[in-house]
There are 4 protein chains.
Amino acid sequence: MSDILNQIGEVVESRAPAKGGDPETSYVAHLMTKGDDAILKKIGEEASETIMAAKDARAAGLSVDAQKKLVAETADLWFHSLVMLAHFGLKPADVLAELARREGLSGLDEFAARRMQASEKNGG
Amino acid sequence: MSDILNQIGEVVESRAPAKGGDPETSYVAHLMTKGDDAILKKIGEEASETIMAAKDARAAGLSVDAQKKLVAETADLWFHSLVMLAHFGLKPADVLAELARREGLSGLDEFAARRMQASEKNGG
Amino acid sequence: MSDILNQIGEVVESRAPAKGGDPETSYVAHLMTKGDDAILKKIGEEASETIMAAKDARAAGLSVDAQKKLVAETADLWFHSLVMLAHFGLKPADVLAELARREGLSGLDEFAARRMQASEKNGG
Amino acid sequence: MSDILNQIGEVVESRAPAKGGDPETSYVAHLMTKGDDAILKKIGEEASETIMAAKDARAAGLSVDAQKKLVAETADLWFHSLVMLAHFGLKPADVLAELARREGLSGLDEFAARRMQASEKNGG
């Protein structure tokens, strides 16, 4: 299971029109042909759908079905993140390395410190 | 690198107030104490920041610095997805399994088919 | 020009399926028939498109064309807000009254005060 | 009530740091000083909060309190749209004129036609 993001990242990359992906048969190639904004709009859209699925999951008392829906929407969000990364010349491993770096330094405390400082500085 | 999401998922879970996480010192515990909407708002916020970093990356000709920023914002988005999953009783492995399932069936073609059908049905 | 939001709000209301709007010929009726999530997803989507149009406008040095695009996206965002309000039993006048109330109290200072307090309390 | 958007637009403009707005005392000046991304991030954030308030309103059977919350979040979204417009050299009247133009042509049918065409073309 562990390398699934890297594996899907590779499949996604291979579907890029520049790599021979066919916009007629591949959703990823189709989306990449439409360009940056079409891909980025999906990030916003899937984030909204994840938020709504989470609200529904809570309202349903975290029922199995509602949680399945939330998992599916989060998968959509991550999947479109992978399409975006590939389209901008990046790999999931870049993001995972960044997460590991933050984690490695201090068990997320670096993250916490950075965030809490930001909270005090920026507010809202 | 591969198990980083699962590892961070475990760290995040251990920071839940119910597991003894301290909102005074842990960002994750702090956010979970604020509740569902505070966490979900972060998903929307980090999605917006990812979109803006991607626009900046393109405008900067995918410079190294701009790509680093995009990686950092995507890491923020995934990190807050992990906080959300933990808060709703789920694990990153659930999402990775869902992605693997889609992938496994047919190299993402199931995903493509599902999406393209949806496109025709729903429009915009 | 001034009452345009109220006027469009009325047109939108009249397109509700419950008021006889036809999903085959009216976009508003079509969207309302799809339900809450379809409408709310449009709010998230149009917000993302507004953000992208603003980034493009800045990158284009606020050119006339780029500003036209930003105006069009903001119009989309407001229009879908009107559809949402109608679908949830509200009117644009409710939102305008709320804005007037905040404004009236103290030239937005009430808003400022509330926000700045929130910033200090909540952070990020 | 009708001109409230234009009036608030003027107040917002007058709070721009370039017009003498003080970031220490004015929320609008504070936000504008932070720059484009801080303002645009608020659009994404307030859109997410509007979505959540609408989900809550439905779950609460459109209770008066839940509808008040939805009105307040929509007001926040529109208010930050006004800050964005001012920061990018635009006025609410530009957006209202665009909405009136669409409406005037054909009672929103132009909008409907454009959208439905887009649906067929773009899918998802």
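For the structure itself, look to the data block above.
As a starting point, this report considers the structure included with it. (Residues numbered from 1 in each chain as written. Chains lettered and ligands numbered in written order. Predicted model: local features only at pLDDT ≥ 70, side-chain atom pairs only at ≥ 80, totals over all residues. Heavy atoms only, no water.)

## Side note on the nonpolar core
If you look at the biggest cluster of nonpolar residues, it comprises 144 residues, and the most contacted ones within it are Trp78 of chain A, Trp78 of chain B, Trp78 of chain C together with Trp78 of chain D. Ignoring anything within four residues of it in the chain, the contact list for Trp78 of chain D reads Leu5, Trp78, Ser81, Leu82, Leu85, Pro92, Val95, Leu96 and Leu99 of chain C. (Core = buried A, V, L, I, M, F, W, Y, C linked by side-chain atoms within 4.5 Å. Buried < 20%, exposed > 50% of the residue type's maximum accessible area, 1.4 Å probe, protein only. Contact = heavy atoms within 4.5 Å.)

## Some details on the side chain of Glu98 of chain A
Of note, Glu98 of chain A is situated in helix H5 (residues 92-106). Of the residues examined, Glu98 of chain A reaches a relative accessible area of 15% and is grouped as buried. Beyond its immediate sequence surroundings of up to four residues, Glu98 of chain A is in contact with Val71, Ala72 and Ala75 of chain B. (Helix = DSSP H or I, 4+ residues; strand = E, 2+ residues; numbered from the N terminus.)

## Some points on the packing of aromatic side chains
For the coordinates displayed, the defined rule picks out two aromatic pairs over all chains. Centre to centre, the rings of Trp78 of chain A and Trp78 of chain B are 6.3 Å apart; their planes meet at 35 degrees, and the pair counts as tilted. Here Trp78 of chain B lies in helix H4 (residues 64-87) and Trp78 of chain A lies in helix H4 (residues 64-87), a pairing that spans two chains. Classification of Trp78 of chain B by relative accessible area gives buried; the value is 0%. (Phe/Tyr/Trp six-rings, centres within 6.5 Å; stacked < 30°, edge-to-face > 60°.)

## Digging into the relation of the copies chain B and chain A
For these two chains of identical sequence, chain B goes onto chain A by a turn of 180 degrees and a shift of 0.0 Å along the axis, with RMSD 0.0 Å. What the superposition gives is, in effect, a two-fold axis relating one chain to the other. A shared interface surface links the copies, since 100% of the contact residues of chain B are contact residues in chain A too. (Least-squares fit on C-alpha atoms with pLDDT ≥ 70 in both.)

## Quick word on helix H2 (residues 27-34) of chain C
Residue and element names in this part refer to chain C. By the burial criterion, the buried members of H2 are Tyr27, Val28, Ala29, Leu31 and Met32. Among the residues of H2, the N-terminal cap falls to Ser26, whose side-chain oxygen and the backbone nitrogen of Val28 are separated by 3.3 Å. Just downstream of H2 lies Gly35, where phi reads positive at about 105 degrees. (Polar contact = N/O pair within 3.5 Å; in protein donor to acceptor, adjacent residues only side chain to side chain.)

## Concerning the environment of Ala60 of chain D
Take Ala60 of chain D: it is sitting in the loop between helix H3 (36-59) and helix H4 (64-87). Since its relative accessible area comes to 39%, Ala60 of chain D is described here as partly exposed.

## Section: the pattern of salt bridges
Scanning the model with the defined rule gives 52 salt bridges over all chains in all. One salt bridge in this structure joins Glu13 of chain A and Lys19 of chain A, with 3.7 Å as the shortest N-O distance. Two residues, Glu45 of chain C and Lys41 of chain A, come together in a salt bridge whose shortest N-O distance is 3.1 Å. Here Glu45 of chain C, found in helix H3 (residues 36-59), pairs with Lys41 of chain A, found in helix H3 (residues 36-59), and the two come from separate chains. For the pair Glu45 of chain C and Lys41 of chain A, a shared accessibility class is recorded, and that class is buried. Salt bridges sharing common partners tie together Lys41 of chain A together with Lys42, Glu45, Glu46 and Glu49 of chain C. (Salt bridge = Lys/Arg side-chain N within 4 Å of Asp/Glu carboxyl O.)

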